[in-house]
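# Residue-level structural notes
Okay, here's what each chain looks like letter by letter:
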Amino acid sequence: MKTLFRITCGLIVAYFACAAVAQTSGPELQTVIPEADNSTFKYTLMLSAYTYHFNPKPTHKRVWMAGVEREHPNAKLDGVVLFTNSFGQPSIYVYPFGGVYKSIFGIDKLSFKWTGGLIYGYKGEFKDEIANYKGIAPAIVPALTYEFKGGWSAQVNLLGAAAAQFQLNVPLN
């Protein structure tokens, strides 16, 4: 458990370091991308208690997920997600990269999202369930989101060829 705590802390520090580096752009980029204060960021709490596996296995367990996502004024996304993977192992997904495309297919409340980062947590007998090195694996997660009143939204994440995750997003600001 100490190793998971250390790696989680390291990934969170790396996440914030990437965000800090992204905000300290060179002078040529500062004229294109104006500095934004934190009030212009949109923060979202993400929760999920159901993941549908396309090929269920007897070793699969219920997946629980909670995370925080930040949407930048230029529609970029970053965030951190804590979850139990399909085998009940505590895991983390840190994504310093992502984007949101709103009003797709001419539907104002429908958005496409993608995120990219690192997952940690597939270890032991399940280490080969995803391609990883010592429990750390790259990941890209595409998603469709439908927004309701008050900024709340429902989201479906495609987790590779393995599963679809259904998620509720709650605005924090």
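Use the structure listed above.
The structure presented is a predicted model; accordingly, all values stated were derived computationally and were not measured.

With that out of the way, let us pick up the overall build of the protein chain. What the protein chain contains, in helices and strands, is two helices and eight strands. Along the protein chain, from the amino end to the carboxyl end, the secondary structure elements read α-α-β-β-β-β-β-β-β-β. The buried share among the 173 residues of the protein chain stands at 37%. Within the protein chain, counting contacts between residues at least 6 apart in sequence, those at least 24 apart form 47% of the total. Of the roughly 10400 Å² that the protein chain leaves accessible, carbon and sulfur atoms contribute 67%.

What follows deals with the pattern of salt bridges. Per the counting criterion, the structure on display carries four salt bridges. The salt bridge involving Asp-78 is made with Arg-70; its shortest N-O contact spans 3.0 Å. The two residues Asp-78 and Arg-70 agree in class, both being buried.

Moving on, we get to the nonpolar core. Membership of the largest hydrophobic core is limited to 12 residues, which are Met-46, Met-65, Val-81, Phe-83, Phe-87, Tyr-93, Tyr-95, Ile-119, Tyr-122, Phe-126, Ala-139 and Val-141. Broken down by secondary-structure element, the contributors of at least two residues to this core are β3 (77-84), β4 (90-102) and β6 (136-147).

So, about a nonpolar patch on the surface. A cluster of nonpolar residues, Leu-47, Phe-105, Ile-107, Tyr-146, Phe-148, Trp-152 and Leu-168, forms a patch on the protein surface that exposes about 700 Å² of accessible area. In this structure, Ile-107 sits in the loop between β4 and β5 (110-120). According to the relative accessible area criterion, Ile-107 is partly exposed, its value standing at 39%.

Looking now at the environment of Val-156. You can see Val-156 is positioned in strand β7 (residues 153-159). Val-156 gets classed as partly exposed once you look at its relative accessible area, which sits at 35%. Separated by 105 residues in sequence, Val-156 and Thr-51 place their C-alpha atoms 9.5 Å apart. Beyond its immediate stretch of four places on either side in the chain, Val-156 contacts Pro-142, Ala-143, Leu-144, Ala-164, Gln-165 and Phe-166.

If you walk around this closed barrel you meet the eight strands as β1-β2-β3-β4-β5-β6-β7-β8, and the pairing is antiparallel. When the angles between neighbouring strand axes are averaged without regard to direction, this sheet yields 25°.

Estimated volume of the largest pocket: approximately 770 Å³. Around the largest pocket, the lining is made up of 40 residues, and of these Ile-119, Tyr-122, Val-141, Leu-159 and Gly-160 lie nearest the centre. If you list the elements that add at least two residues to the lining of the largest pocket, you get β1 (42-53), β2 (65-71), β3, β4, β5, β6, β7 and β8 (163-171).

Bridge count between β1 and β2: seven bridges; the pairing is antiparallel. Looking across to β2, one finds that Ser-48 is bridged to Met-65. Pairing analysis gives eight bridges linking β1 to β8, with the strands arranged antiparallel. Along β8, the bridge assignment pairs His-53 with Ala-163.

Further remarks concern the side chain of Glu-69. Inspection of the secondary structure puts Glu-69 in strand β2. Among the polar contacts made by the side chain of Glu-69, one reaches the side chain of Tyr-95 at a distance of 2.7 Å. At a separation of 2.8 Å, a polar atom in the side chain of Glu-69 contacts the side chain of Lys-113. Residues within four places of Glu-69 in sequence aside, it is in contact with Lys-42, Tyr-43, Thr-44, Met-46, Leu-77, Asp-78, Gly-79, Tyr-95, Lys-113 and Thr-115.

About the thresholds
Residues numbered from 1 in each chain as written. Predicted model: local features only at pLDDT ≥ 70, side-chain atom pairs only at ≥ 80, totals over all residues. Heavy atoms only, no water. Helix = DSSP H or I, 4+ residues; strand = E, 2+ residues; numbered from the N terminus. Buried < 20%, exposed > 50% of the residue type's maximum accessible area, 1.4 Å probe, protein only. Contact = heavy atoms within 4.5 Å. Areas by Shrake-Rupley, 256 points an atom, 1.4 Å probe, with all protein chains shown as cover. Salt bridge = Lys/Arg side-chain N within 4 Å of Asp/Glu carboxyl O. Core = buried A, V, L, I, M, F, W, Y, C linked by side-chain atoms within 4.5 Å. Patch = residues over 30% accessible without salt bridge, like charges linked within 9 Å, V, L, I, M, F, W, Y side chains within 5 Å. Pairing = 2+ DSSP bridges. Axes fitted to C-alpha atoms, helices over the stretch in contact; angles between N-to-C directions. 1 Å grid on protein atoms, 1.4 Å probe; cavity = no way out; pocket = protein on both sides within 12 Å on 5 of 7 lines; lining within 4 Å. Points joined across faces, edges and corners; volume = space filled by probe spheres on them. Polar contact = N/O pair within 3.5 Å; in protein donor to acceptor, adjacent residues only side chain to side chain.

The values are spatial; any link to function lies outside them.
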